[in-house]
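# Summary of the model geometry
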Amino acid sequence: MKAWKKAKALLMLAAAFMAAAGGIPSMASDFKTGYNTNASDNDHIFTTKSPKGNIGKSMSISFRVRATDEDMDNLKVSLLETTEFQQIESKGESDYTVDYYPFEIMETTFVGKNVGNIKAGNVKSVSLSARVRRDAAQGYYSIPIQLEWDGGYDVDYINIWISTSSTTSEDEEEDKKEGNYFVIGENQSTPRGVYPNVIDFGVNFRNKRETTAQDVTISMGLSEDDAKFPFEINDGNYDRTFERVSPGETVAAQYSMAIREDSYTGYYPIKFTITFRLSSEGDLHTEEGVFYVHVVSKDKEDDLGEFDANDRVRARVIVEGYHTVPEEVYAGNEFELVLNMKNASTTVPASNILFNLESEKVSDSAVFTTESGTASMVVDSLAPGQTTEIRAKFTAKAGVDQRSYGITVKEKYDSPEFKNAEESIIVDIPVKQYARLSTSNIDVMPDTMSVGSESNVMFGINNTGKVILYNVNVTFEGDSIKPVDTYVGNIKPGETGNVDTMLTGIAPTMDDGTIRLQIHYEDENGQAAEPVEKELNLMVTEEMETEFDPSLTMDPELMEPEKPSFFEAYKMWILMGGAAAAGAVGFVTVRHIRKKRRVAKEKEDIEDEIS
């Protein structure tokens, strides 16, 4: 089938010449527009609605490409140069060839469009543009589309409708009624960049309609004019694709752009084109919008300044990216800064490159220090587009506040036409502080209680660090008490949060009376820190008896009549001593009584003997 499609143009041209050779010239009126039946035999291209155009105007030819049975890497799509629309016509006694191809043939008509890669089974939306000839006849045309990819080639057909009417079609009127679907740059500030740095920014696109947009492609409008587009064009494709964008959803197209050498300070409007469908097989919709960026570079009036003999083309050495090891830098700790330096110039090399790293200062003291006192490195050369990695070890000052501090990368290098070029770039290093706290004396009142009773615990939590302690709470746990969780709240640096809670005894203490307490808190990101553990002592005894036990009553005949009973004299001590103490006292009491009886009896026996 593919071979047939490739040979079709040759067959039609041959048929036209045969008709002329046979003395049967075809007339202009013999040319038939209309659907080409081979469009249904396409292997990769398909549409659900014919693209529409008007004579004398540019039109968009939108379609979808499916990688049917293999990956289509580095796919390029273009209008195919063809003879299918040529006919031999007669004028007088001579014949001549007339081409009814509906588009104006210009320098860019058959230039291919880079689509990128499509994995097997996946689909990507594509749109080509062309200007319709002013003398084109109204009707349908079957346009051949050429597809080329690594190891593959094919020709498929798209049926388009050309109208000679200048009135707007019903479909176009309906599209206008719909209005735009996407809002660009909502709820974000204008991105700002300083030459020669790389500016990283995202552009928000919100679907403001109640219909899900599918197969969304966001294309950035590029320009080779420095006055219109301030960024280097280093990538072949700046399209960002999203499979679906739900109603009300906002997606961000992310970009990392190097600022051009010849850019000027000011605001630049960046044009974006958005294509999407409202169903998986629906028509392709197209919208356009503008998003502004601000660039700080050279002033336009510099063109009128005095000539500088050193003003020559030079390389641009930029910080392409950086990170620290470890990832989080804490005050007082050592870390390693890793910088990826790139020559962003596409044509000019750099050599004899000196990098000098200087720390930001606070109160005339450097925030980041090195053992040697300086951090300087030399790189022999960087070819255009080449990158290199440089590393330097620093120690963050212990007493600084928790925030980001700058390290200035000062560069000095040579280019073939520019010697001793100097640039400086600042990278920000976030410095964190460890959370620190202490507690005051822990007051426990009373420190001995019975089961079912309560004891009051009070103490202060002092924030001795430089960061806020968020969501502070204290937990109390022990075998003899009911677990308690007390919320304190946020504690600012230098301030104290107070703990005042009641502990309830639930069982007698079987150990040394140690109660464990833990102080929990979070950092500014809501991450829970390692809890701080403390201890306090609290004894819990058996619940006190409140009823009188008759079994402990002594026989009144054994006691001396003029004195109170031994139990009555010591009953308070017996009750407070508990069961064990009560038994011991009872035993002593009985022995005392028996001794008194024995003494009385011996005295009585002696008196009997005397009498």
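That block above? That's the structure.
Here is a short report on the structure shown in this document. (Residues numbered from 1 in each chain as written. Predicted model: local features only at pLDDT ≥ 70, side-chain atom pairs only at ≥ 80, totals over all residues. Heavy atoms only, no water.)

Here the focus is the packing of aromatic side chains. For the coordinates displayed, the defined rule picks out 17 aromatic pairs. Where Phe85 meets Tyr101, the ring centres are 5.4 Å apart and the plane angle is 75°; that geometry is what we call edge-to-face. Within this pair, whereas Phe85 is found in the loop between strand 4 (72–79) and strand 5 (86–91), its partner Tyr101 is found in the loop between strand 6 (94–99) and strand 7 (113–118), the two being separated by 16 residues in sequence. Of the residues examined, Phe85 reaches a relative accessible area of 5% and is grouped as buried. Classification of Tyr101 by relative accessible area gives buried; the value is 2%. Ring centres of Phe335 and Phe368 lie 5.5 Å apart, and the angle between their planes is 80°; on these two criteria the pair is classed as edge-to-face. With Phe335 in strand 21 (residues 334–343) and Phe368 in strand 25 (residues 368–369), this residue pair connects regions lying 33 residues apart in the sequence. Each member of the pair, Phe335 together with Phe368, is buried. (Phe/Tyr/Trp six-rings, centres within 6.5 Å; stacked < 30°, edge-to-face > 60°. Helix = DSSP H or I, 4+ residues; strand = E, 2+ residues; numbered from the N terminus. Buried < 20%, exposed > 50% of the residue type's maximum accessible area, 1.4 Å probe, protein only.)

Our focus in this paragraph is unusual backbone geometry. Residue Tyr195 is joined to Pro196 through a cis peptide bond whose omega torsion reads 10°. Structurally, Pro196 is set in the loop between strand 12 (192–194) and strand 13 (198–207). Note the cis peptide between Met445 and Pro446, where omega equals -10°. Phi is positive for Asn352, close to 50°, though the residue is something other than glycine. With respect to the helices, strands and loops of the structure, Asn352 is situated in strand 22 (residues 350–359).

Among the structural elements, Val472 can be located in strand 34 (residues 469–477). Residue Val472 is classed as buried on the basis of its relative accessible area, which comes to 1%. Through-space distance from the C-alpha of Val472 to that of Tyr521 is 4.4 Å; in sequence the pair is 49 residues apart.

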